[in-house]
Amino acid sequence: MASILGRVRTVHTPAASELRERAQQILSLEVGFIDNPAFRYAKSRRKIIEEALFKRGECRDTGLCGSELPAHLARLCDTELLTAEQERDLFRQMNCLKCEANKLRTQIDLDDPDADLIGQIERHIQHANEIRDHIIRANMRLVISVVKKFVHPSFSFDELLSDGIVILMNAVEKFDFDRGFRFSTYAYRSISRNAYRKVMDRKKEFSRFAGVEDSTIEGAAEESSASMDERTWERLRSMFALFLEKLEQRERLIFKARYALEQHRTIQTFQSLADDLGVSKE
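Thresholds applied
Numbering of residues starts from 1 in every chain and runs along the sequence as written. Restriction of local features to residues with pLDDT of at least 70 applies here, the model being predicted, together with a cutoff of 80 or more for giving and counting side-chain atom pairs; totals for whole chains, interfaces and linings are based on all residues. Calculation of side-chain values draws on the structure's entire complement of heavy atoms; hydrogens and water are dropped beforehand. Secondary structure is summarised from DSSP: a helix means a run of H or I of at least four residues, a strand means a run of E of at least two, and numbering begins at the N terminus for each. The classification of residues rests on relative accessible area computed with a 1.4 Å probe and restricted to protein chains. Under 20% of the type maximum is buried, over 50% is exposed, and intermediate values are partly exposed. Whether two residues touch is decided by their heavy atoms; if any such pair falls within 4.5 Å, the residues are in contact. Each nonpolar core is a collection of buried residues, namely Ala, Val, Leu, Ile, Met, Phe, Trp, Tyr and Cys, held together in the definition by side-chain atoms within 4.5 Å. To pair, rings of Phe, Tyr and Trp, with the six-membered ring standing in for Trp, must have centres within 6.5 Å; the planes then decide the type, stacked if under 30 degrees apart, edge-to-face if over 60, and tilted in the middle. Fitted lines through C-alpha atoms give the axes, limited to the stretch in contact for helices. The angle between two N-to-C directions lies from 0 to 180 degrees. Any angle from 65 to 115 degrees is called roughly perpendicular, while one under 35 is roughly parallel, one over 145 is roughly antiparallel, and all others are oblique. A clockwise turn of the near helix away from the far one marks a right-handed crossing, whereas an anticlockwise turn of less than a right angle marks a left-handed crossing. Residues are grouped as follows: Ala, Val, Leu, Ile, Met, Phe, Trp, Tyr, Cys and Pro are nonpolar; Asp, Glu, Lys and Arg are charged; every other residue, Gly included, is polar. The span expected for a helix works out to 1.5 Å for each residue beyond the first. Each C-beta atom gives one direction from the helix axis, and the arc is the one those directions make.

## Structural notes on the overall build of the protein chain
Of regular secondary structure, the protein chain possesses 12 helices and 0 strands. The helix and strand sequence of the protein chain, counted from the amino end, reads α-α-α-α-α-α-α-α-α-α-α-α. Looking at the 282 residues of the protein chain, the share that counts as buried comes to 34%. Considering only residue pairs separated by 6 or more positions, the protein chain has 63% of its internal contacts joining residues 24 or more positions apart.

## Things to note about the nonpolar core
Counting residues in each nonpolar core, the largest one holds 39 residues, and the members touching the most others are Phe91, Leu168, Phe183 and Ile191. When residues of this core are traced back to their parent elements, those giving at least two are helix H3 (42-54), helix H5 (84-105), helix H6 (115-138), helix H7 (140-147), helix H8 (157-174) and helix H9 (183-221). Broken down by element, the residue count for this core peaks at 7 residues, all from H8. In this structure Phe91 touches Ile135, Val172, Phe175, Phe177 and Phe183, once residues within four positions along its chain are discounted. Membership of the second largest hydrophobic core comes to 11 residues, among which are Leu19, Val31, Leu104 and Ile118.

## Quick word on the packing of aromatic side chains
Counting across every chain of the model gives 7 aromatic pairs. Judged by centre distance (6.5 Å) and plane angle (45 degrees), the rings of Phe183 and Tyr186 are tilted. Taken as a pair, Phe183 and Tyr186 lie in helix H9 at a separation of 3 residues, close to a single helical turn. Under the relative-accessibility criterion, Tyr186 is labelled partly exposed at 25%. Site record: aromatic cluster; members linked through ring pairs are Phe91, Phe175, Phe181, Phe183 and Tyr186.

## What about the packing of H5 against H6?
Where H5 meets H6, the axes come as close as 9 Å, and the angle between the chain directions of the two elements is 155 degrees. Our classification of the angle between H5 and H6 gives roughly antiparallel. Seen along the crossing, H5 lies across H6 with a hand that is left-handed. Residues Leu90, Phe91, Gln93, Met94, Leu97, Lys98, Glu100, Ala101, Leu104 and Arg105 of H5 form the contact with H6, whose own contacting residues are Leu117, Gln120, Ile121, His124, Ile125, His127, Ala128, Ile131, Arg132, His134 and Ile135. Split by residue class, the contact of H5 with H6 holds 12 nonpolar, 5 polar and 4 charged.

## Some remarks on the packing of helix H2 (residues 16-28) against H6
For the pair H2 and H6, the least separation of the axes is 10 Å and the interaxial angle reads 40 degrees. Between H2 and H6, the angle is such that the two are oblique. The element H2 and its partner H6 pack so that their crossing is left-handed. Judged by residue contacts, Leu19, Arg22, Ala23 and Ile26 of H2 engage Ala115, Ile118, Gly119, Ile121 and Glu122 from H6. Looking at the contact of H2 with H6 residue by residue, the class counts come to 6 nonpolar, 1 polar and 2 charged.

## Comments concerning H3
Residues separated by three or four positions in an α-helix point in the same direction, a consequence of the helix having 3.6 residues per turn. With 13 residues, H3 should reach 18 Å at 1.5 Å per residue; the first-to-last C-alpha distance of 18 Å fits that figure. Buried within H3 we find Arg45, Ile48, Ile49 and Ala52. Down the axis of H3, the buried set is contained in an arc of 100 degrees. They therefore lie on one face. Structural note: H3 exposes Lys43, Lys47, Glu50 and Phe54 on the side pointing more than 90 degrees away from its buried face. Where the residues of H3 are buried, they touch H5 and H6.

As structure tokens, then:
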């Protein structure tokens, strides 16, 4: 009987090599957090972590969908907005879990890793990430409402939305919940500043290119078609290559397909391009 129990324990105990690998992964992680006076004492950290574990089921999507939004955007907004109290609690719990994980990491011994310690750290990090993701989903409506104001011919809504989500994720990591203001105020400023800067930088790029383009085309137009020598064509080819470099990969594909350039032998309609790319004709 004792030998059977011994074999069972051996089967369920992680191998030393596996534990060392998990320990090394934990030590290589960058677990940043916003410190708070409530995290200074082990007793207060345990209380916050117990509260976080007790409310773990709340960090799930509710299935709500905004009927006024397209389906693919509604899916991003299926999490309820957070109240001021919920927001404060979630940020406190997320940062406390990360703080505790960081403190526990100092106890890891790579020569003799402790399975219980490693498992505890992994659970703290996983739960902190779950809370972070819940906060991000609950604020997706904010990103959409901000970036749609900055849509520009040189910047599509999807492109601005992608950038906005990245800014939102960074804002969640850097927000100090103890400053007394709502996260939406902090995130709104970060997202709008980034969107404005992106659009203005793109406008400057196009304005610089427009000057080169206009002068080149005007010079070429002054020559008759019979006198268009190789040098002129080379200038036009260089201008066109420069123009393509300014475009995103999808924009280049659309431009080439629309005007039957390079490998594209026939002109494609906007509708056929939209169908191929899975976007609207507009």
